[in-house]
Amino acid sequence: MRHLILVIAVLLNTSLFAKDKAHNQGEFLYRVDLVRATPGKLESVIDKVKTYQGKNTNTPYMMRHSQGDHWDLMLIWPVHSYQKLHSKENYSSIKNLFLELDADVNFLESTYMLGPNNEMLNRWYHDNKLYHIEMFVALPDKKNELLKERMMESDYLININRKPNLLFRKEQGGNWDAMTIGFYSSLKEFSTMVDIPLDIDNKAAIDAGFQGVGDIGFYLRSLLQRHNDTLAKKP
């Protein structure tokens, strides 16, 4: 009976997440800034960024490094398109913020990425407190295959009743080819996998396009030159 209930729950939640299939693709333009504060200035940087965040939009979305990568903050600006990026509102906000930060920042890397609609990102950022950020550099001829694998893994997560990742594709800037962000309400949710029987888990992976659940990590690794993995939270 418990096995049957679990199967039904997975199927129901799969259909609920299916409406957000746009997590796997999108043409909405974002500017993604990786910021490292001058020693002793992180609190000041966070406070200044908060003065630029809209009351209803939360933008720029700010994620504070918890463990993993070398940066302190990730700022995500939803600029929509290159035309709107250079509008007075967008350009002035970004320019003025970094003019204010000035000596408080000793590292800045900016990348323009295409991702899901900002309405989805805004909702998921607002509803969660912990973010699993993965940034990928593909082998020279594996970029398109890497993007496909990222889509497959999100489908697998849906199949096992977990929130899918949001996928971002590099347009220009840093040397990253792709980035995914997973959204979690807490560290407990991130670290606790649902107790799914192996046959269901394996079928979920196969349905997503993998050879099996044990193949997911090996396949991803075969496509990568480099992979950075970071846990971040709201400041």
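Look up a bit, the structure's there.
Please read all numbers here as calculations on a predicted model, not as lab measurements.

What counts as what
- Residues numbered from 1 in each chain as written.
- Predicted model: local features only at pLDDT ≥ 70, side-chain atom pairs only at ≥ 80, totals over all residues.
- Heavy atoms only, no water.
- Helix = DSSP H or I, 4+ residues; strand = E, 2+ residues; numbered from the N terminus.
- Buried < 20%, exposed > 50% of the residue type's maximum accessible area, 1.4 Å probe, protein only.
- Areas by Shrake-Rupley, 256 points an atom, 1.4 Å probe, with all protein chains shown as cover.
- 1 Å grid on protein atoms, 1.4 Å probe; cavity = no way out; pocket = protein on both sides within 12 Å on 5 of 7 lines; lining within 4 Å.
- Points joined across faces, edges and corners; volume = space filled by probe spheres on them.
- Salt bridge = Lys/Arg side-chain N within 4 Å of Asp/Glu carboxyl O.
- Pairing = 2+ DSSP bridges.
- Axes fitted to C-alpha atoms, helices over the stretch in contact; angles between N-to-C directions.
- Contact = heavy atoms within 4.5 Å.
- Parallel < 35°, antiparallel > 145°, perpendicular 65-115°, else oblique.
- Left-handed = near helix turned anticlockwise from the far one by under 90°.
- Nonpolar A, V, L, I, M, F, W, Y, C, P; charged D, E, K, R; others polar.

Colleague: How should the overall build of the protein be read in this particular structure?
Modeller: Helix and strand counts for the protein come out as 9 helices and 8 strands. Of all 235 residues assigned to the protein, the portion counted as buried reaches 47%. Accessible surface, the protein as shown: approximately 12100 Å² in total, 53% of it carbon and sulfur.

Colleague: What is the right way to read the layout of surface pockets from this model?
Modeller: Any empty space left between atoms is shown by rolling a water-sized probe over those atoms. Reported here for the second largest pocket is a volume of approximately 260 Å³. Elements represented by at least two residues in the lining of the second largest pocket include exactly β5 (130-138) and α6 (143-159). For the lining of the second largest pocket, the element with the most residues is α6, which contributes 4 residues.

Colleague: Honestly, the pattern of salt bridges in this entry has me stumped. Any pointers?
Modeller: Side chains bearing opposite charge may pair, as long as their charged atoms lie close to each other. Summed over all chains, the structure comprises 9 salt bridges. Where D104 meets K48, a salt bridge forms, and the shortest distance between an N and an O atom there is 3.0 Å. With a gap of 56 residues between them, D104 in the loop between α4 (88-101) and β4 (105-115) and K48 in helix α2 (residues 42-50) connect regions that are remote in the sequence. Across the pair E149 and R150 runs a salt bridge, and its minimum N-O distance is 3.0 Å. When its relative accessible area of 2% is taken as the criterion, R150 is described as buried.

Colleague: How should the sheet that holds strand β1 (residues 28-37) be read in this particular structure?
Modeller: Strands pair in a sheet through their backbones, by hydrogen bonds, and they do so in one of two ways: parallel or antiparallel. Taken in spatial order, the 8 strands close into a barrel running β1-β3-β2-β8-β5-β7-β6-β4, and their pairing is antiparallel. Looking at each pair of strands side by side, their axes are set apart by 35° on average, direction ignored. With 4 bridges connecting them, strand β2 (residues 61-67) and strand β3 (residues 73-80) associate as antiparallel partners. Bridge pairing links M62 to L75 in β3. Against the sheet, α2 engages β1, β2, β3 and β4, with an angle of about 155° to β2. Seen against the sheet, α4 touches β1, β3 and β4 and runs at an angle of roughly 160° to β3.

Colleague: Help me understand the pairing of β2 in this model?
Modeller: Regular strands place side chains that alternate from one sheet face to the opposite one. Pairing of β2 with strand β8 (residues 224-233) involves 3 bridges; the strand directions are antiparallel. Residue pairing for β8: Q67 is matched across the bridge by L231.

Colleague: For this particular structure, what's the right way to read the packing of α2 against α4?
Modeller: Two packed helices can be described by the angle between their axes and the distance between those axes. Their axes nearest at 10 Å, the elements α2 and α4 cross at an angle of 155°. Here α2 lies roughly antiparallel to α4, going by the angle between them. By crossing handedness, the relation of α2 to α4 is classed as right-handed. On α4, the residues that touch V45, K48 and V49 of α2 are L97, E100 and L101. Classifying every residue of the contact of α2 with α4 by side-chain character gives 4 nonpolar, no polar and 2 charged.

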